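# A structural walkthrough
What follows is each chain in one-letter form.
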Amino acid sequence: MKAGGSRFPLRTAVPDDGSQYFQMRGRGVFRQSVERMSEAAAEALDRAGWQLRDVDRVITHQANARVSAALATRLGLPRDAAPQNIAEVGNTAAASIPVLLAQAALDQSLKPGHRVLLAAFGGGLTWGATTLTWPELEVHAA
Amino acid sequence: MFELLKSVMSEVLLLDVDAVRPDASREDAGIDSLAVVELSMVLSRHHNIEITDDELFELRTVAEIVALMERRRRTAA
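All residue numbers refer to position in the chain's written sequence, counted from 1. Throughout, the order in which chains and ligands are written sets their labels, letters from A for the former and numbers from 1 for the latter. Confidence filtering applies because this is a predicted model: local features only for residues at pLDDT of at least 70, side-chain atom pairs given and counted only at 80 or more, and all residues used for totals across whole chains, interfaces and linings.

### Observations regarding the overall build of chain B
A run of H or I in DSSP counts as a helix once it spans at least four residues, and a run of E counts as a strand once it spans at least two, with each numbered from the N terminus. Across its full length, chain B holds 4 helices and 0 strands. Secondary structure of chain B in N-to-C order comes out as α-α-α-α. All radius of gyration figures rest on C-alpha atoms, and the globule criterion is 2.2 Å times the number of residues raised to 0.38. Its C-alpha atoms give chain B a radius of gyration of 11 Å, within 12% of the compact-globule value 11 Å for 77 residues. Counting only C-alpha atoms, chain B reaches 30 × 20 × 20 Å along its principal axes. Burial analysis of chain B (77 residues in total) assigns 30% to the buried set. Contacts are defined on C-beta atoms placed from the backbone: any two residues whose C-beta positions lie within 7 Å are in contact. Here the analysis covers contacts within chain B between residues at least 6 apart in sequence; of these, 50% occur between residues at least 24 apart. Counting other C-beta atoms within 10 Å of a residue's own tells you its class, since 20 or more makes it buried, 12 or fewer makes it exposed, and anything in between is partly exposed; those C-beta atoms are placed from the backbone.

Here it is in C-alpha cells:
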C-alpha cells in the first residue's frame, strides 16, 4: 500500500486511484510461506533432535487456512495435526499462535507432554519456527 | 496423467474430484489461485513434473493442464 505510509504521508484527501489499498502478490507469498516455513521447521526439528514422527501438533500463524494445510502436507503430517481457528477468530496477528495454543489446550487437542512445532510467516517477509513440549498448565477460558 | 491429476487434487488439495472432467474449466474444477501453487509444488516435489504456478494459472481447462503435465513429464524423462 503506497499512499498513507511513511514515504507518502497523506496531507490531502485519500486518493481514489487504488494506491490507498494493500496489494499482495498472493501466489508468490503463498509459495514462499509454505517453502520457508517448512525449511525453518526442518531446522527447528533438527536443533531439537526431533524427527517429524515425534511431532504431535503443528501450530502455525493463522493468516490463511490454506497455508497451514499446505504446510502440514508438505511436512508429511496429517492435517488434523495442525489445528486451526482462523475461521472463528480471523487473523489475530502477533497473538495468533498464543491464542491457538490456548484454545487447543482448552479443548484438549493439545495435552501436556505433546511435542509441538510452531511456525510463523509474516510481513517483511519474515518467518521462523521453533519447538516446545507442552507443559502441565491450568488453562482457563477467557 | 488425468488420473494422477485427480489423485493429487483429491488427496493433497482435498478437492471434490466429481467436478474434475477434462472439459471442466480450471476454476470449475476448484483449482483456484492458491491451488495452482500447491499443485505446482506437489507435481515438482513428488512427481518430477516442473510446471510453474504462473503457467498453470494461464491454463483454462483441466485438459490443458493434463496436456502440459504429459509434455513436461516426457521432457523430464
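### Focus on the environment of Val 58 of chain A
Residue and element names in this part refer to chain A. Here Val 58 shows up in strand S1 (residues 57–60). When the 23 C-beta atoms within 10 Å are taken as the criterion, Val 58 is described as buried. The sequence separation of Val 58 and Ala 72 amounts to 14 residues, and the corresponding C-alpha distance is 7.7 Å. With near-sequence residues (within four places) excluded, Val 58 lies in contact with Ala 72, Leu 77, Ala 81, Ala 82, Leu 117 and Ala 119.

### A look at the confidence of the model for chain B
Residue and element names in this part refer to chain B. Per-residue confidence from the prediction method is given by pLDDT, with values spanning 0 to 100. The share of residues in chain B with pLDDT of 70 or more is 99%, and the mean pLDDT across the chain is 91. Within chain B, the element-level pLDDT minimum falls on helix H1 (residues 2–11), averaging 90, and the maximum on helix H3 (residues 53–58), averaging 96. As a predicted assembly, this complex carries a pTM of 0.82 together with an ipTM value of 0.80.

### Overview of the sheet that holds strand S2 (residues 115–122) of chain A
The strands that make up a sheet are held in pairs by hydrogen bonds between backbone atoms, and each pair lies either parallel or antiparallel. All names here are of chain A. Judged by pairing direction, the sheet is mixed, and its 3 strands sit side by side in the order S1-S2-S3 without closing on themselves. Across the chains shown, the open sheet's two edge strands, defined by having one partner strand only, are S1 and strand S3 (126–133). Here the average twist between neighbouring strands, direction ignored, is 20°. Where S2 and S3 come together, 8 bridges link them in antiparallel fashion. Within S3, the residue paired with Arg 115 across the bridge is Thr 133. Between the N-to-C directions of two axes lies an angle of 0 to 180 degrees, each axis being a line fitted to C-alpha atoms and, for a helix, fitted only over the stretch in contact. Across the face of the sheet, helix H1 (residues 26–48) comes into contact with S2 and S3 while running at roughly 35° to S3. Strands qualify as paired when DSSP identifies two bridges or more between them.

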